[in-house]
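Here is what each chain is made of, one letter per residue.
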Amino acid sequence: MATSYPKFSLAETLTAEQKNFFNANGFIHFKNFITPETVKSIIDASLEVQKKWLEKDVNKINGVPIKYGRDLDGSSIVQRFAFINQHHSTFSGLLLDPRLNGLLELAGAGARLGESEKDGMVFNHYVNGPDSKFTKMGWHTDGLRDVFYGQKLNPMLNVGIHLNNLEPENGGLRIIPGTHKQGLYQMLFRKKYFLDHDEDAEEIAVVPEVGDLTIHDGRLWHRVAQSSVIGEQSRRRVIYIPIIAGKYAPKNENSPTVFYQRFAGIVK
């Protein structure tokens with residue numbers, strides 16, 4: 001498993017080198033996108049949203065199931081927030097950073113931040129404890145979403161903002177570079193969606209530090225590896241924002257749950 005690859009700095013406009021690297025590999029890693037102080041304010045905001053959702057027993061947001069679990073002390077926590085940008089100004093404000101607009105060209109003409117589409121801004125909170133319900137995620141591509149939506153396969157990029165320092169033993173994002181260019185058959189059948197967790201000989205471990213930003217093409221095969229450490233050292237938080245091209249398809253409180261999301265229980 002490779003862990004070494006070039007890392008870049010993000011400005012409001014991408015360089016030719018950065019665009020070429022992304023187009024060839026389907027991912028790119030930028031250092032120091034936000035400060036540690038901003039990271040703290042984001043985590044504090046997530047705890048405010050969590051408190052409200054626990055009190056109101058929120059099960060879905062815009063049709064997307066919310067994943068709950070247990071923290072190391074046994075208390076209930078939200079482990080996957082959907083559309084969190086619609087529930088706190090800290091998250092909606094983050095989307096106003098002009099550097100994010102500079103990323104849109106990686107998805108082609110008509111690309112936009114998916115503030116109200118797919119699952120909106122997602123906040124994931126992983127912790128590897130005895131009662132955690134969200135410690136890893138099996139191999140998948142996000143292209144499967146378009147199949148279930150009955151749409152053509154359009155580019156969909158995942159922008160990740162990382163709120164913890166990670167080493168390979170902490171788990172985290174694993175990708176197979178270049179698979180964003182694969183055909184439909186390989187996208188559907190190369191792996192068993194969400195059930196396969198085994199390391200792939202071609203995979204790369206994305207290893208960010210606090211405040212880093214990564215982008216990966218959703219058509220890549222990717223997974224979230226489980227931390228091999230247990231307890232507080234396993235805790236990691238990451239925000240994902242979709243960049244979408246194609247027909248505008250916003251969701252609201254009356255949106256149905258997408259078919260594949262009804263099987264969210266298989267994702268541990």
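Bear in mind the structure is a predicted one, so any value in this text is a computation, not a measurement.

About the criteria used
- Residue numbers run consecutively from 1 along every chain, following the written order of its sequence.
- Side-chain atom pairs in this predicted model are given and counted only at pLDDT of 80 or more, local residue features only at pLDDT of at least 70, and totals for whole chains, interfaces and linings cover all residues.
- Side-chain descriptors were evaluated using all non-hydrogen atoms of the structure, hydrogens and water having been removed beforehand.
- Among the buried residues, those of types Ala, Val, Leu, Ile, Met, Phe, Trp, Tyr and Cys that are joined through side-chain atoms within 4.5 Å form a nonpolar core.
- Throughout, exposure labels follow a simple rule: accessible area from a 1.4 Å probe, protein chains only, divided by the maximum for the residue type, with under 20% read as buried, over 50% as exposed, and the rest as partly exposed.
- Secondary structure elements are defined from DSSP: runs of H or I of at least 4 residues count as helices, runs of E of at least 2 residues count as strands, and each element is numbered from the N terminus.
- Here, two residues are considered to be in contact whenever any of their heavy atoms come within 4.5 Å of each other.
- Salt bridges are counted wherever a side-chain nitrogen of Lys or Arg sits within 4 Å of a carboxyl oxygen of Asp or Glu.
- For this analysis, a ring pair means two rings from Phe, Tyr or Trp (six-membered ring only for Trp) whose centres lie within 6.5 Å, classed as stacked if their planes differ by under 30 degrees, edge-to-face if by over 60, and tilted for the remaining angles.
- By definition, being over a ring means that NZ of Lys or CZ of Arg is both within 6 Å of the ring centre and within 35 degrees of the ring normal.
- Using a 1 Å grid laid over the protein atoms alone, points where a 1.4 Å probe fits but cannot get out form a cavity; open sets with protein on both sides within 12 Å along at least 5 of 7 lines form a pocket; any residue with an atom within 4 Å of a point counts as lining.
- Grid points are joined across faces, edges and corners, and a volume is the space filled by probe spheres set on the points.
- Here the term charged refers only to Asp, Glu, Lys and Arg, the term nonpolar to Ala, Val, Leu, Ile, Met, Phe, Trp, Tyr, Cys and Pro, and the term polar to all other amino acids, Gly among them.

## A look at the nonpolar core
Phe30, Leu103, Ile161, Leu213, Ile215, Ile239 and Ile243 are the most contacted members of the largest nonpolar core, which totals 65 residues. When residues in this core are grouped by element, the largest group, six residues, is from helix α2 (residues 36-56). Sequence-distant contacts of Ile243, defined by excluding residues within four places in its chain, comprise Leu103, Leu104, Ala107, Ala111, Arg112, Leu113, Pro155, Met156, Leu157 and Val159.

## Re unusual backbone geometry
Excluding glycine, most residues fall at negative phi; most peptide bonds, likewise, are trans. Residues other than glycine seldom take positive phi values, yet Asn32 does so here, at roughly 55°. One can find Asn32 in the loop between β1 (27-30) and α2. You can call Asn32 exposed: its relative accessible area is 57%. The phi dihedral of Phe194 falls on the positive side, at around 70°, and the residue is not glycine.

## With respect to the pattern of salt bridges
Enumeration over the complete set of coordinates arrives at 16 salt bridges. For the salt bridge of Arg190 with Glu202, the shortest nitrogen-to-oxygen distance reads 3.6 Å. Residue Arg190 is located in the loop between α6 (184-189) and β11 (204-205), and its partner Glu202 is located in the loop between α6 and β11; the two are separated by twelve residues in the primary sequence. Since its relative accessible area comes to 49%, Glu202 is described here as partly exposed. Among the salt bridges present, the one from Arg235 reaches Glu232, with a minimum N-O distance of 2.7 Å. Of the residues examined, Glu232 reaches a relative accessible area of 51% and is grouped as exposed. Residues participating in the shared-partner salt-bridge network are Arg190, Lys191, Asp200 and Glu202.

## What to know about the packing of aromatic side chains
Applying the stated criterion across every chain yields a total of nine aromatic pairs. On the numbers, 4.9 Å between centres and 50° between planes, the contact of Tyr193 with Trp221 is tilted. With Tyr193 in the loop between α6 and β11 and Trp221 in the loop between β12 (213-217) and β13 (222-225), this residue pair connects regions lying 28 residues apart in the sequence. Grouped by ring-pair contacts, the aromatic residues Tyr5, Phe8, Phe21, Phe27 and Phe30 constitute a single cluster. Lying over the aromatic face of Tyr5, Lys7 brings its terminal NZ or CZ to 4.3 Å of the ring centre.

## Observations regarding empty space enclosed by the protein
Under the criterion given, the structure shown has two cavities of 30 Å³ or more. Counted as a void, the largest cavity has a volume near 120 Å³. In terms of lining residues, the largest cavity is bounded by 14 residues, among which His162, Leu166, Gly172, Arg236 and Val238 are the most central. Secondary structure elements with two or more residues in the lining of the largest cavity: β10 (172-175) and β14 (236-244). The element that contributes the greatest number of residues to the lining of the largest cavity is β14, accounting for four residues. Residues of the lining of the largest cavity, tallied by class, amount to nine nonpolar, three polar and two charged.

Read these as spatial facts, not as claims about activity.
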